[in-house]
Amino acid sequence: MARLTPHNEQRARDLIAVYPHPRSALIPLLHLLQEQDGHLTADGMEHVGELVGLEAAEVRGTASFYDMFHTEPVGKYLVAVCTNIACLLQGAYELLEHAEERLGVAPGGTTPDGLFTLEDAECLALCGNAPCLTVNWRFFGDVDRERFDEIIRRLAAGELDGEVPPHGTLARVRRTVGVPAAGVSVHGAGGPDPEYVPAPPAESAEPGAPADGVADGVDLETHATTPAVASLDGPGEPS
Ligand code: FES
C-alpha cells in the first residue's frame, strides 16, 4: 500500500481540522501513515505532504529526525532493547548480545522470515524494571535471557497477538507501569489496566503529590497532571 486509504485520508482530514495550521498535524499524520503500512512509504509521505501543504522532502526531513518513524520496512515485530544507563547496569548489553545470537541479526537487522527487527534503544522510560525492551512499543520489563527467549517464542507462535498489535499501531489506552515503591510489578505488554479507576482532579495538594485515589507510583499519567505542574510558577502571587 502506498497512499493513505480513503478511510485514513478522512481521518487525516479530521486531524488537520483540529489544528490552526494544516502543517501542525504533520506528526499525527505520519503516525497514521505508519499505522497503515507498518512504515512510512515514499508515496504515503508525498500524500501527507499534499494534505498539509508541504513538499515531500520536508515531510521526509521531519520523519527521518524521529526514532519512532521508519522509512524502510521493518519486521512484524520491532524488538527494541534499552541499553541506557539503568538497563546497562542491570545487564542490558549482555541481553542485547543474547538477542543478537537468538535472532541471528545485529541491531538494525531483520530476520530472514521478516518476523523480527532488532533495535538498540535509548531509555524507554521503564528504568524501574531494568533491563527492559519494547515490542512494537509495548513494554516488557525485568527481561533476562530466559524471559527474552520466551517472549520471542510466544511472539513467533502468535500467542501475544492480542497484546502486541502490528508495528505502527499506537497505544490507545492509558499507560500504567508498576514502580517498585508501590510493590507492583510491570504488566506484560501494555494492555489496558483492568484495575484502573480515573482519579478525580486534585483540588488542593502539595506540589508533586499524587491525586487522591491514586496509589503511589502506579499511574504516571495522573501524576503528571497534578499540581506539580502549577508549582513551576513558584509560590508567589498570580500576576
Ligand atoms: S535506562 Fe532503560 S528504560 Fe531507562
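Rules used in this analysis
- Residues numbered from 1 in each chain as written.
- Predicted model: local features only at pLDDT ≥ 70, side-chain atom pairs only at ≥ 80, totals over all residues.
- UniProt positions renumbered as here; feature names shortened; annotations may be inferred.
- Pairing = 2+ DSSP bridges.
- Helix = DSSP H or I, 4+ residues; strand = E, 2+ residues; numbered from the N terminus.
- Axes fitted to C-alpha atoms, helices over the stretch in contact; angles between N-to-C directions.
- Expected span 1.5 Å × (residues − 1).
- Buried ≥ 20, exposed ≤ 12 C-beta atoms within 10 Å, placed from the backbone.
- Arc of directions from axis to C-beta.
- Contact = placed C-beta atoms within 7 Å.
- Core = buried A, V, L, I, M, F, W, Y, C linked by C-beta atoms within 7 Å.
- Parallel < 35°, antiparallel > 145°, perpendicular 65-115°, else oblique.
- Left-handed = near helix turned anticlockwise from the far one by under 90°.
- Nonpolar A, V, L, I, M, F, W, Y, C, P; charged D, E, K, R; others polar.
- pLDDT = per-residue confidence, 0-100.

- Looking up the protein in an unreviewed UniProt entry gives the name NADH-quinone oxidoreductase subunit NuoE, with the organism given as Acidiferrimicrobium australe.
- Per UniProt, the protein carries the Cofactor (unreviewed entry) text "[2Fe-2S] cluster".
- You can read under Sequence similarities (unreviewed entry) in the UniProt record for the protein the words "Belongs to the complex I 24 kDa subunit family."

1. Focus on the sheet that holds strand β2 (residues 116–121)
And then number 1: Read from one edge of the open sheet, 4 strands run β2-β1-β3-β4, paired in mixed fashion. Edge positions in the sheet fall to β2 and β4 (138–140), since each of these pairs with one other strand and no more. In this sheet, adjacent strand axes meet at a mean angle of 25° when their direction is disregarded.
And then number 2: By the bridge criterion, 6 bridges tie strand β1 (residues 77–82) to β2 in an arrangement that is parallel.

2. As for helix α6 (residues 92–103)
And then number 1: Taking 1.5 Å per residue, 12 residues should reach 16 Å; α6 reaches 16 Å between its end C-alpha atoms and fits that length.
And then number 2: Along α6, the positions that sit buried rather than exposed are Ala92, Leu95, Leu96 and Ala99. Projected down its long axis, α6 shows its buried positions confined to an angular sector of 100°, all on one face.
And then number 3: Against the buried residues of α6 lie β1, α5 (85–89), β2 and α7 (145–156).
And then number 4: Of the residues one or two after α6, Gly104 is the one with positive phi, at around 75°.

3. Section: the nonpolar core
And then number 1: Membership of the largest hydrophobic core comes to 29 residues, with the highest contact counts inside it found for Val79, Val81, Cys82, Cys132, Leu133 and Val135.
And then number 2: Within the residue set of this core, elements represented by two or more residues are β1, α6, β2, β3 (133–135), β4 and α7.
And then number 3: If you tally residues by element for this core, the top one is β1, at 6 residues.
And then number 4: Not counting residues within four places of it along the chain, the set of residues in contact with Cys82 comprises Cys87, Ala92, Ala121, Cys123, Leu124, Pro131, Cys132 and Leu133.

4. Some points on the packing of α6 against α7
Two quantities define a packed helix pair, namely the angle between the axes and the distance from one axis to the other.
And then number 1: Running from N to C, α6 and α7 point in directions that differ by 40°, and their axes come no closer than 10 Å. The angle between the axes of α6 and α7 places the two elements in the oblique class. α7 is crossed by α6, and the crossing has right-handed handedness. Residue-level contacts link Leu95, His98, Ala99 and Arg102 of α6 to Arg145, Phe148, Asp149 and Ile152 of α7.
And then number 2: Across the contact of α6 with α7, the residue classes break down as 4 nonpolar, 1 polar and 3 charged.

5. Focus: the confidence of the model for the protein
And then number 1: Of all residues in the protein, 71% attain a pLDDT of 70 or more, and the chain-wide mean is 79.
And then number 2: Summarising per-element confidence for the protein, the mean pLDDT is lowest in helix α8 (residues 220–224) (31) and highest in α6 (98).
And then number 3: Counted against residues more than four places away or in other chains, residues 178–239, with its pLDDT under 50, gives 77 contacts.

6. Structural notes on the pairing of β1
And then number 1: By the criterion of burial, β1 is predominantly enclosed, with 6 of the 6 residues buried.
And then number 2: In terms of strand pairing, β1 meets β3 through 3 bridges, oriented antiparallel. Each bridged residue has a counterpart across the sheet, and for Val81 the counterpart in β3 is Leu133.

7. Some points on the environment of Pro166
And then number 1: Within the secondary structure layout, Pro166 lies in the loop between α7 and α8.
And then number 2: Given 13 C-beta atoms within 10 Å, Pro166 falls into the partly exposed group.
And then number 3: In this structure the C-alpha to C-alpha distance between Pro166 and Asp37, which are 129 residues apart in sequence, comes to 9.4 Å.
And then number 4: The residues contacting Pro166, other than those within four sequence positions of it, are Gly38, Lys76 and Asn136.

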